[in-house]
Amino acid sequence: MSEIIKIEQLRRTFQVGSEEVHALKGISFTIHSGEFVSIMGASGSGKSTLLNILGCLDRPTSGEYFIDGTAVSQRTKDELSTLRNRKIGFVFQSYNLLPRTSALENVELPLLYNNTISGKERRTKAITALEQVGLHDRMMHLPNQLSGGQQQRVAIARALVNDPVILLADEATGNLDTRTSYEIMSLFQQLNREGKTIAFVTHEPDIAVFTNRTIQLRDGHIVGDTPVVMQSAKEVLNNEELRIEN
Amino acid sequence: MNIFNLFKIAYKALLRNKTRAFLTMLGIIIGISSVIAMVSLGQSSSQSINNQISSMGTNLIMVMRTSQRQGGVNVGSANVQTLMAKDVDAIRNKAKYIGAVSPLVNASGQLVNGANNWPGSVQGGNSELISIRKYKIASGTNFTEQDVRNSAKVCIVGKTVVDNLFPNGESPLGKMIRFNKIPFKIIGVLESKGQNQMGQDQDDVIIAPYTTVQKRILAITYIHMIMASALSEETAGLATQEIETILHANHKLKAGQANDFDVRTQKEMLDMMNSVTGFLTVLLAAIASISLLVGGIGIMNIMYVTVTERIKEIGLRMSIGAKNKDILLQFLCESIILSLIGGIIGILFGLLLSYLASKGLSWPFIISIPSVGISFLVCAATGIFFGWYPAKKAASLDPINALRYE
Ligand SMILES: Nc1ncnc2c1ncn2[C@@H]1O[C@H](COP(=O)(O)OP(=O)(O)OP(=O)(O)O)[C@@H](O)[C@H]1O
Ligand SMILES: [Mg+2]
């Protein structure tokens, strides 16, 4: 299996006034193709800081980072933008869809920043991505005409549309009720089965059980990195339904 | 990024907020349309004045009486008697650059034809006055030098006078009318010239031999004015000097003594009017430019608000691969689209305004291509200039902070 993400001794220090905040204190791990990794830890442990670096939104203070074999640490801002555009799919807690813009156009957005893709390709890819998340019948809907779960699906389709090497999600189920969270996790599992590599930040243990590896952060250090026996979110959902019916 | 995509992104962003986009454009629309309308109207009015003055003849020269100082007391011009008919003869005999010359004596009073009344004024001149004033005889004849010598009670009337004294449409030729009870025989009718620049009706006129007006109406021996036409517009200056020399000698003024008359050419009037309208045009355009500036600041203001309002959107765009310059260009493009569309609407609206106004004032309608071109460039520049700082602000945002912004 190829290494999608490899970090070595990654540090991130923030300067707040005269004080230094060490958010990440030398972190190393590797994520291989096809893994579904959950990143857990208490609030302030550095999860988002890590994910931002993995997502090329931020640069480490020191240490090495390779994505899909490319060294990231010394890249310029513009090169990071291109990396984000070609190799990464982001899913946020608050969906971040453009208001008054159809689901289809929201999904097309990343491809507008890629010159190698024609208008026609853009459309086809966006439609395919929306079909993948089960929203083929909601393409022309505006965000305010969609439920929270549907909006997050549109956001996932937008993350998928550029066929990234990894999907990064920061508390992607944080705004959703349990049932919808499970549906979204089921979607992530389906994408993972289809071959997507996923890193998923959460602080809910019952969400982490739907992944196959958990990295535990505390205070900027890794305190645990364990394989998980992945539960099927779909089964859990079905069982819930049965329980309610009985 | 592809310029086409850029444009698409910008215009979609604008479409998401149509009302605000329109309100932003409104400032530019008002600014540009007032600049266009002001410049165009300024040019129309000066063109109209030019036409008017040229129609009176740019080679026209007028000699006015000026009040003489008598023991330090300035007597009013009404009683100034410095111009005489013999001055006209002197000019006719000695001047080389003068084509025609006539005295002018004015009298106003009441015109009566049977039951019809009309207040009018008689202009007394010699047989050359009609051609000097650029009138033409439509029917009948001009009076002759013989009529002048005899103080004949004949006159030539303008269309307005005819319309008011002969409302039933009968031919006025050969008819007798009374001016202040003195009977005049109409021997000619003038071609219509319409209104002049000041809105005066040039057809409200009666022309008669000046001797008749002097003796039979006013009982004076002097004349009010001398009207002459230079051989050409170019020689008007020479002709003016010539007249001054002749009259200075004729009035037996000493060398260095101030003239008791004043020679003016129509060309001077034209230049004066042009400088006035030119100044007014610049002034109005300057005032209108202020509204354009305000419109530009409006764009800047809205773009700043837009950037603040869309910080999350900017963060998102960055997170999916927009480079700083993509963001910069997007916002710049938005403000340029706003100002250009606003500018085009403004230009059309301004032209419509000036078209309506010039029709209403019966001025010629002039589209000033340079002012349209400049306005267009100003719009583009406004978009770039006032869009730059907000766009720069948007582009310099940090994607993580922008995404987190609430
Ligand atoms: N831009 C910044 N400037 C200064 N300090 C920062 C900045 N971003 C994060 N930190 C600090 O780094 C540490 C880790 O923050 P981070 O956001 O990664 O936590 P987290 O694990 O995502 O927490 P949560 O679960 O609450 O989202 C915190 O102590 C935080 O105060
Ligand atoms: Mg966080």
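What you see is a predicted model, and the numbers here were worked out from it, not measured in a lab.

## Let's talk about the layout of surface pockets
Thought 1: Counted as a void, the second largest pocket has a volume near 500 Å³.
Thought 2: If you go around the second largest pocket, you meet 22 residues; those closest to its centre are Ser48(A), Phe92(A), Gln93(A), Asp170(A) and Arg404(B).
Thought 3: Looking at the lining of the second largest pocket, the elements that each hand over two or more residues are helix H1 (47–54) and strand E6 (88–91) of chain A together with helix H13 (399–404) of chain B.
Thought 4: If you tally residues by element for the lining of the second largest pocket, the top one is H1(A), at four residues.
Thought 5: Split by residue class, the lining of the second largest pocket holds six nonpolar, ten polar and six charged.

## Digging into the packing of helix H6 (residues 178–193) of chain A against helix H8 (residues 233–245) of chain A
Residues and elements named next belong to chain A.
Thought 1: Between H6 and H8, the shortest axis-to-axis distance is 8 Å and the interhelical angle comes to 150 degrees. Contacts between H6 and H8 involve Arg179, Tyr182, Glu183, Met185, Ser186 and Gln189 from the former and Ala233, Lys234, Val236, Leu237 and Glu241 from the latter.
Thought 2: Here the contact of H6 with H8 is built from residues that sort into five nonpolar, two polar and four charged.

## Some thoughts on the interface of chain B and chain A
Thought 1: In this assembly, 24 residues from chain B lie in contact with 25 residues from chain A.
Thought 2: Overall, the association of chain B and chain A removes approximately 2,300 Å² of surface from exposure, summing both partners, and the carbon and sulfur fraction of that is 54%.
Thought 3: Its largest share of buried area at the contact with chain A, chain B owes to Arg16(B), Leu316(B) and Ile320(B), together 27% of the area lost on that side.
Thought 4: Of the charged contacts in the structure, one is a salt bridge between Glu105(A) and Lys12(B), with a shortest N-O distance of 2.4 Å.
Thought 5: Where chain B meets chain A, there are ten residue pairs in polar contact (both at pLDDT 80 or more).
Thought 6: Mapped by element, the contributors of at least two residues to the side of chain B that touches chain A are helix H1 (3–15), helix H10 (311–319), helix H11 (324–360) and H13 of chain B.
Thought 7: If one sorts the elements of the side of chain B that touches chain A by residue count, H10(B) sits on top with six residues.
Thought 8: For the side of chain B that touches chain A, a count of residues per class yields nine nonpolar, seven polar and eight charged.

## Comments concerning the site of ligand 1
Thought 1: Around ligand 1, 14 residues are found, and the nearest of them are Ser43(A), Gly44(A), Lys47(A), Ser48(A) and Thr49(A).
Thought 2: Neighbouring residues of ligand 1 are not confined to one chain but are distributed across chains A and B.
Thought 3: Between an oxygen atom of ligand 1 and a side-chain N or O atom of Ser43(A), the distance comes to 2.5 Å.
Thought 4: Here ligand 1 has 630 Å² of accessible area as a free molecule, and 67% of this is covered by the chains.
Thought 5: Put simply, the parts of the chain that give the shell around ligand 1 at least two residues each are strand E1 (3–16) and H1 of chain A.
Thought 6: Counting residues per element, the shell around ligand 1 draws most heavily on H1(A), which supplies three residues.
Thought 7: Here the residues of the shell around ligand 1 sort into four nonpolar, seven polar and three charged.

## Some points on the sheet that holds strand E9 (residues 213–218) of chain A
Across a sheet, strands are paired by hydrogen bonds formed along the backbone, either parallel or antiparallel in direction.
All names here are of chain A.
Thought 1: Sheet architecture is open: six strands sit in the order E6-E7-E8-E3-E9-E10, paired in mixed fashion. One side of each edge strand has no neighbouring strand; the edge strands of this open sheet are E6 and strand E10 (221–227). Going across the sheet, the axis of each strand differs from the next one's by a mean of 15 degrees, ignoring polarity.
Thought 2: Pairing between E9 and E10: six bridges, direction antiparallel. Along E10, the bridge assignment pairs Arg213 with Pro227.
Thought 3: Where helix H5 (residues 148–160) meets the sheet, it contacts E6 and strand E7 (166–170), and its direction lies at approximately 170 degrees from that of E6.

## Observations concerning the nonpolar core
Thought 1: Ranked by internal contacts, the top residues of the largest apolar core, which has 72 residues, are Ile5(A) and Tyr65(A).
Thought 2: Looking at which element gives the most residues to this core, the answer is H11(B), with nine residues.
Thought 3: Each residue touching Tyr65(A), except ones within four places of it in the same chain, is listed here: Ile5(A), Lys6(A), Ile7(A), Leu10(A), Ile53(A), Leu54(A), Cys56(A), Thr70(A), Ala71(A), Val72(A) and Ser73(A).

## Let's talk about the environment of Ile347(B)
Residues and elements named next belong to chain B.
Thought 1: Note on placement: Ile347 falls in helix H11.
Thought 2: Taking the C-alpha atoms as reference points, Ile347 and Ile29, 318 residues apart in sequence, are found 7.7 Å from one another.
Thought 3: Residues in contact with Ile347, not counting those within four places in the same chain, are Ile32, Ile36, Val372, Ser375 and Phe376.

The rules behind these values
- Residues numbered from 1 in each chain as written.
- Chains lettered and ligands numbered in written order.
- Predicted model: local features only at pLDDT ≥ 70, side-chain atom pairs only at ≥ 80, totals over all residues.
- Heavy atoms only, no water.
- 1 Å grid on protein atoms, 1.4 Å probe; cavity = no way out; pocket = protein on both sides within 12 Å on 5 of 7 lines; lining within 4 Å.
- Points joined across faces, edges and corners; volume = space filled by probe spheres on them.
- Helix = DSSP H or I, 4+ residues; strand = E, 2+ residues; numbered from the N terminus.
- Nonpolar A, V, L, I, M, F, W, Y, C, P; charged D, E, K, R; others polar.
- Axes fitted to C-alpha atoms, helices over the stretch in contact; angles between N-to-C directions.
- Contact = heavy atoms within 4.5 Å.
- Buried area = accessible area lost by both parts, 1.4 Å probe.
- Salt bridge = Lys/Arg side-chain N within 4 Å of Asp/Glu carboxyl O.
- Polar contact = N/O pair within 3.5 Å; in protein donor to acceptor, adjacent residues only side chain to side chain.
- Near = heavy atom within 4 Å.
- Areas by Shrake-Rupley, 256 points an atom, 1.4 Å probe, with all protein chains shown as cover.
- Pairing = 2+ DSSP bridges.
- Core = buried A, V, L, I, M, F, W, Y, C linked by side-chain atoms within 4.5 Å.
- Buried < 20%, exposed > 50% of the residue type's maximum accessible area, 1.4 Å probe, protein only.

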